[in-house]
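Analysis of the macromolecular model
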Amino acid sequence: MRRFHLARLARWIVPALTLVSAFVAGLAAGVELALIVLAAGALALVIALIWGSVQSLTGESPMTLEEAFTVAQPTPEEEQKLAVMRALRDLSYERSVGKISEDDYQSLSARYRAEAKHLMARIDEELGPRRARVERRVERRLSGSADATQASGGKASPASADEPATGKSSAVKAKLKKKAATAGASITATSRKMTAPASVPCGTCGTRNDLDAHFCKSCGHSLGGQSA
Amino acid sequence: MWQSLPELGTGALYAVLVVASYTFAVAVAAGRGRPRLLPSARLGAYATSGLVLFAILLLAYGFITHDFRLRYVARYSDRSMPTEYLFTALWGGQDGSLLWWSFLLSLYIAACVRWLKGRYRVLQPYIIATLMMVLGFFVILMLFAANPFHANVAGAPPDGEGLNVLLQNYWMAIHPPALYLGFVGCSVPFAFAIAALVTGRLKSEAKNEWIVAVRKWMLFAFLFLSIGNVLGMIWAYEELGWGGFWAWDPVENAACLPWFTAAAYVHSTMIQERRNTFKIWNVFLICLTFFLTLFGTFLTRSGMIASVHSFAQSDIGIFFVWGMGFTLATCAGLIVWRLPMLRSTARIESIASRDAMFVINNWALLGGMTFILVATLFPKLSEWIIGETVTVGPPFFNRWMAPIGLLIFAMMGMAPLFGWSKTSRSALERAFAVPLGVLAITAVLHVFFGPKLGYPAFVESDTLYPGVLGLALQKIESAWPLVTVSLAGFNLTVIFQEFYRGVAARRFSAARRNEPEGVLTALFRLVDKNRRRYGGYVVHLGIVCMFLGFVGPAWKIEVETSLAQGESYRLGPYELTYLGPRMCPGNPKCSPQEQSDISKRMLFADLEVTRNGNPVGRISPAKFIYHAQPEQPTSEVALVRGLREDLYTVLGTADPASKRATFQFHMNPFVGWIWIGLLVLISGATISLWPDLGLREVGVWSYMRTAAGTAAGAALAVWLAMGPSTAFAAVRPRPPLPYAVAGPAKGAERPGETLPGIGGAALLGLGVGGLAAALRGRRARWRKAAGDAL
């Protein structure tokens, strides 16, 4: 981990140092020296980069931080989902300014929503196994820390040491389960064909919400059984 | 080798070729099932960019130290040149401009690789490989045909030949980099398209994600193509002294060809994003845009078409022919190979839809491009076909480009009034009512009041063709000013109507939520939430301004006259009194700055200007005779700028004995609106390009990015806005005046003094950007807190 930090720092410090020394050299001895310093800095950077490239080619370097980051980057499906969401937003804007008729809006919006759901389902599908793995790890870790607390607690009563840990663990589990349930629901929702567009009024404020909405888009009140 | 700059530089170029080839190989390997090699390819791409940076720094060092062992340095600089023009000389000639091109490409490569990070992991290897190939092509070109590090065979001469004096101009210093940024920028979308074609990520809906990525890069390139072209116009207008800004010279035409296809792509990509159709068309447009950048470069550098300001003839033409052939073959082959994947089932549902409007607009843009291309190549084509060279001049271009341009202009106004997919009749009637009403009113007002104001609605032009057809065409053409002005009114109304409807809808829904919004708040939030859409409308507003500038020459007045000392001439509302000639240095009336200029002799003819009887100031058109190039005296234009018209004066000859002088006076209506249009266009494109910050991004990096974006935008705007003053002050020293002069601001003496301005703008930008990011971050935290609380 420490190596990563150093490498990361070096990536910023070397160019910064080059720029500063070029600036100082430029002030002290004119543009010529500044250019030479910059060129030397560029060359040093190139050598370091080629070295890094060859090292990673031969498999000698550990996974870089950048590589590790790539795991968390948005997938094509996520980017596409954003695009569809944007299209949906455009559509509702066009309805609000009266550019398209209500019927057209309903049919187009149903199409985009189906597409968005399809994409979300795919994202969930892809994330499913990873989520399960994370869940297992968290569980293992929590139970491990609970054991550790138990062991280090020594004389403390086993019940008091155990309780917070299991409490925490069960809370996490409940959260994870809730998420999984939502994901499952959205997957099943996708399989439903959106044929007849309709809406559900909110029981509290009366705003019309889409058929598959769980919460009111205006007041946030749960639509509960209404939407089913 | 290390003491010899020519050898070191050539060695650096070879190194670029080697590292680029290595990166290409590693990237292809990474794409073919060994993804662990991707980081290696990425580092290789950075290293290649670094090496090109090293090479350009070496050449800059050569210029600064006057190392005339380098043939290129000796040919394009001399010891008397100021430092800023020594840097300009980097791209002043053929060889250096290729290196400069590669340098900009390497900047794009580094930025693209950095931006890609973990995105598009499947496409990434091929994107890197394609970019390496493009860079490799230019390096091969330099190494084998136009090496800027070529040593002087006869050893270093005592002094260089100096840069062409016409190029020693502020606008010329920033025009090529801006235009090249546009040209080179088209390589990135091209790399994406090739990568998508090679990997076949085209078929299912989830897989055309690359189209989302490419749009911003293309918009960026489009922005710089626009800036570059308009800066070229400014340079031609101020430096060449013929009174106009666009002469349909092959070099200008070559520069505007990719602009048309990029504009078409920026629009048609929206259809693919929403409807998943037009895939073949979009891929074709991207490939065509890239091809046209190569073709434009080929046209200006091969000496194939005679042009007043193309580069010297050289043997790089054949390399370009091979390069273009290879590009064409690759694109065509890949598209045909992937045709089944590119075909889409969706069709345009209705002609009354924005999709259909975009298609018509695309065809008009492509039609304009094809017309310019064919007309530019006409001398060569006619030579091949009928065996004799037929050249076509500016009247021919103007005649046929006017209707095409007006069609595009009309489509630009109409398209936003339609909704996607289909629009009902009632919605269309509502949308068109006001703009069409304004169009009619503008037309009527123009017909009745235009002639009184000096801008008649109908302007007769010469017939180009004999017979009835020619006469009919002439009649239609005489109405172009009326059509342009009416369409400008229509377009303006559409844009304002769009903003008005958006703000009204926003305020309406806000009032329903019981959170009423003021007009300005609603406007700000509306634009903030739909940056692409409203940024696009602002760009349209810029184009409307430009069209106003383009139609201006229809009402221009040009006269050529000879005046004796003390004589006056009346031109429209202006009265010009000739005070007499003045040769500097030497004349006691010259300013200290003029007296100390030893690089040239300057012959000024002072004119006292009044407008409707009110004094405007004194202007001094001049002839400069540079000691380095005495055979090529330059005309220095003197201008009085205004929103209604520019007074443009050129000195023909001045006899020191009789003090008699000949002048050309031009009154150019509305030309200034082109430059204003450019500033509006830049701000619109900046709004569109403004990055969306996701919640997960809120952190130091997003602060930095927003700040850097704002700073760059502000600096660019300030730089451009300060341009005229520095341009005038740098090349046109003027006498101290008894009172304020319209036009260039006093104070900025040399371009170097813009540096504090840019620094200030950058600081201001950093401040504003930081504040915006901080507010955004706080808002995100609030939202998060609200979410947690729920």
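Residues numbered from 1 in each chain as written. Chains lettered and ligands numbered in written order. Predicted model: local features only at pLDDT ≥ 70, side-chain atom pairs only at ≥ 80, totals over all residues.

A few words now on the overall build of chain A. Each helix and strand in chain A was counted, giving six helices and two strands. Put simply, chain A has 228 residues, and 18% of those count as buried. (Helix = DSSP H or I, 4+ residues; strand = E, 2+ residues; numbered from the N terminus. Buried ≥ 20, exposed ≤ 12 C-beta atoms within 10 Å, placed from the backbone.)

So, about the overall build of chain B. Helix and strand counts for chain B stand at 24 helices and 10 strands. Every one of the 790 residues in chain B was classed for burial, and the buried ones make up 49%. Considering only contacts within chain B whose residues lie at least 6 apart along the sequence, 75% involve residues at least 24 apart. (Contact = placed C-beta atoms within 7 Å.)

Counting residues at the interface gives 46 residues for chain B, matched by 42 residues for chain A. Counting only elements with at least two residues in the side of chain B that touches chain A, the list comes to α1 (5-31), α2 (38-64), α10 (250-275), α16 (425-453) and α18 (480-512) of chain B. With 15 residues, the single largest contributor to the side of chain B that touches chain A is α2 of chain B. Counted by class, the side of chain B that touches chain A contains 21 nonpolar, 13 polar and 12 charged residues. (Nonpolar A, V, L, I, M, F, W, Y, C, P; charged D, E, K, R; others polar.)

Now for the confidence of the model for chain B. Residues and elements named next belong to chain B. On average, chain B scores 82 in pLDDT, and the residues at 70 or more come to 84%. Predicted confidence in chain B is weakest over helix α23 (residues 700-731), with a mean pLDDT of 55, and strongest over helix α6 (residues 124-144), with 94. Low pLDDT, under 50, characterises residues 694-698; the predicted model gives this stretch six contacts beyond four residues in sequence or across chains. Contacts from residues 724-756, a stretch scored under 50 in pLDDT, to residues over four places away or in other chains number 54 contacts. Scored by ipTM, the complex comes to 0.71, with pTM at 0.79. (pLDDT = per-residue confidence, 0-100.)

What follows covers α6 of chain B. Taking 1.5 Å as the rise per residue, α6 of chain B with 21 residues should run 30 Å; its terminal C-alpha atoms sit 30 Å apart, in good agreement. For α6 of chain B, a buried count of 16 out of 21 residues is recorded, marking the element as mostly surrounded by other parts of the structure. (Expected span 1.5 Å × (residues − 1).)

Residues and elements named next belong to chain B. At their nearest, the axes of helix α8 (residues 187-199) and helix α11 (residues 279-301) sit 9 Å apart, and the two run at 135° to each other. The angle between α8 and α11 places the two elements in the oblique class. Handedness of the α8/α11 crossing: left-handed. In contact with S187, P189, F190, A193 and L197 of α8, α11 contributes V283, I286, C287 and F290. (Axes fitted to C-alpha atoms, helices over the stretch in contact; angles between N-to-C directions. Parallel < 35°, antiparallel > 145°, perpendicular 65-115°, else oblique. Left-handed = near helix turned anticlockwise from the far one by under 90°.)

Next up on the list: the environment of A55 of chain B. Residues and elements named next belong to chain B. Here A55 is to be found in helix α2. Linking A55 and L8, residues 47 residues apart in sequence, is a C-alpha distance of 8.8 Å. A55 has contacts with G9, A12, L13, V16 and L99, leaving out every residue within four places of it along the chain.

With that settled, consider the nonpolar core. Of all hydrophobic cores here, the largest spans 215 residues; its most connected members are A55, L57 and F192 of chain B. Sorting elements by how many residues they give to this core places helix α9 (residues 210-240) of chain B first, with 21 residues. When residues no more than four places from it in sequence are discounted, the contact partners of L57 of chain B are L35, L38, A39 and A42 of chain A. With 29 residues, the next largest nonpolar core counts C584, V616, F624 and A638 of chain B among its residues. (Core = buried A, V, L, I, M, F, W, Y, C linked by C-beta atoms within 7 Å.)

Residues and elements named next belong to chain B. Cis geometry is adopted by the peptide bond preceding P585, which originates at C584 and carries an omega value of -10°. You can see P585 is positioned in the loop between β3 (574-584) and α21 (592-595). Look at H66: it is not a glycine, yet its phi comes out positive at around 50°. Following the sequence through the fold, H66 ends up in the loop between α2 and α3 (71-76). A positive phi angle, close to 60°, is found at F670, a residue other than glycine. Mapping F670 onto the fold places it in the loop between β10 (661-669) and α22 (672-689).

Residues and elements named next belong to chain B. The strand order β1-β10-β9-β8 describes an open sheet built from four strands, whose pairing is antiparallel. Here the strands that pair on one side only, and so sit at the sheet edges, are β1 (557-563) and β8 (638-640). Looking at each pair of strands side by side, their axes are set apart by 20° on average, direction ignored. As judged from the nine bridges shared by strand β9 (residues 645-654) and β10, these two strands associate in the antiparallel manner. What sits directly across from E645, in β10, is P669. (Pairing = 2+ DSSP bridges.)

Turning to helix α2 (residues 31-57) of chain A, a few remarks are in order. The terminal C-alpha atoms of α2 of chain A lie 38 Å apart, and with 27 residues this matches the ideal 39 Å at 1.5 Å per residue to within 8%. Backbone geometry just after α2 of chain A places G59 of chain A at a positive phi near 75°.

Let us now look at the confidence of the model for chain A. Residues and elements named next belong to chain A. On average, residues of chain A carry a pLDDT of 70, and 62% of them reach 70 or more. Across chain A, element-level confidence peaks in α2 with a mean pLDDT of 86 and bottoms out in helix α6 (residues 158-191) with 46. Across residues 153-169 the pLDDT falls below 50, and counting only partners more than four positions away or on other chains, this stretch makes 16 contacts in the model. In this model residues 183-197 is a low-confidence stretch, pLDDT under 50, and it forms 17 contacts with partners more than four residues away in sequence or in other chains.

Next up on the list: the environment of L679 of chain B. Residues and elements named next belong to chain B. Position of L679 among the secondary structure elements: in helix α22. For L679, a count of 17 C-beta atoms within 10 Å corresponds to the partly exposed category. The spacing of L679 and I227 is 452 residues in sequence and 8.9 Å in space, taken between C-alpha atoms.

Here we take up the pairing of β9 of chain B. Residues and elements named next belong to chain B. Among the 10 residues that make up β9, eight are buried, leaving the element largely enclosed by the rest of the structure. Where β8 meets β9, three bridges bridge the pair, whose relative direction is antiparallel. Counterpart to A638 in the pairing with β9 is T649. Hairpin remark: β8 followed by β9, antiparallel, with four residues in the connecting loop. Where β9 folds back on β10, the antiparallel hairpin that results is connected by six residues, among which K659 adopts a positive phi of roughly 65°.

Residues and elements named next belong to chain B. Tracing the sequence through the fold places K623 in strand β6 (residues 622-626). On the neighbour-count criterion, K623 (22 C-beta atoms within 10 Å) is buried. Sequence separation of K623 and T634 is 11 residues, and the distance between their C-alpha atoms is 5.6 Å. Sequence-distant contacts of K623, defined by excluding residues within four places in its chain, comprise L603, P633, S635 and L651.

Residues and elements named next belong to chain B. Within β10, seven of the nine residues are buried, leaving the element largely enclosed by the surrounding structure. Relative to β10, β1 runs antiparallel, the two sharing seven bridges. Looking at β10, one finds that E558 is bridged to H666.

Residues and elements named next belong to chain B. Viewed as axis vectors pointing N to C, α6 and α8 meet at an angle of 130°, and their least axial separation amounts to 8 Å. Taken together, the axis directions place α6 and α8 in an arrangement best described as oblique. The handedness of the crossing between α6 and α8 is right-handed. Across the interface between the two elements, Y126, I127, T130, L131 and V134 of α6 pack against S187, F190, A191, F192, I194, A195, V198 and T199 of α8. Residue classes in the contact of α6 with α8 are distributed as 10 nonpolar, three polar and no charged.

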